[in-house]
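# Coordinate inspection notes
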Amino acid sequence: MTAEELLERYAAGERDFSGIEFKRGLRLEDVELPGINLSQAILFGAELNGTNLSRANLNNANLGSACLERTNLREASLIHTIISEGILVEANLSRADLSFADLVECPLNDADLTGANLNGTILGFRPILKGANLTNVDLSQSCIDIPDGIEDHSLERAIFCNTILPDGTKIISFI
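What this report covers is the structure whose coordinates are included nearby. (Residues numbered from 1 in each chain as written. Predicted model: local features only at pLDDT ≥ 70, side-chain atom pairs only at ≥ 80, totals over all residues. Heavy atoms only, no water.)

## Quick word on the pairing of strand β4 (residues 170-174)
With four bridges connecting them, strand β3 (residues 160-164) and β4 associate as antiparallel partners. Opposite Thr163, over in β4, you have Ile171 as the bridge partner. Following β3, the chain reverses through five residues before pairing antiparallel with β4; Gly168 in that reversal takes a positive phi of roughly 95 degrees. (Pairing = 2+ DSSP bridges. Helix = DSSP H or I, 4+ residues; strand = E, 2+ residues; numbered from the N terminus.)

## Remarks on the pattern of salt bridges
Evaluated as defined, the whole model comprises seven salt bridges. In this structure, Asp110 engages Arg157 in a salt bridge whose closest nitrogen and oxygen atoms are separated by 3.0 Å. Note that Asp110 is positioned in the loop between α1 (3-11) and β1 (122-125) and Arg157 in the loop between β2 (143-145) and β3, a separation of 47 residues in sequence. Under the relative-accessibility criterion, Asp110 is labelled partly exposed at 35%. For Arg157, a relative accessible area of 54% corresponds to the exposed category. Three or more residues joined by partner-sharing salt bridges are found here, namely Arg126, Asp148 and Asp152. (Salt bridge = Lys/Arg side-chain N within 4 Å of Asp/Glu carboxyl O. Buried < 20%, exposed > 50% of the residue type's maximum accessible area, 1.4 Å probe, protein only.)

Below is the structure:
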């Protein structure tokens, strides 16, 4: 399916695009698609920068090599979403709105979360954030449990710069 077909069908009121394989390199930048169901869809290499995917169902979607900078994923469900050969691995989520999104069981290894909004985001117990860039991220209002703080094994190689931890502690710089 092409971007034009998706936008036409969405404009006509269709919201369920589950399991659809989209054309590689799909460009849907800065478009409004709130409430869309893209569960199990194949969106490999999609350009979704600035797109409104609030309340979207992206469970089990394949967003390998997708660009998600400035994407609105507020209240979206991303359970078992596959990005770059792993679940949200290496995703560019800088300045993305992930507030109140359900990211339980969604490792964010090596993801760029610079300036991302994680207010109310459900990350769960020991989310996998190995190598993630958490510069200018506030985790104080996230649903996250990191028992060993920044020394936790789930945060190996993570970048902390102006990061507020769940307990309210601000890390100025820790790499």
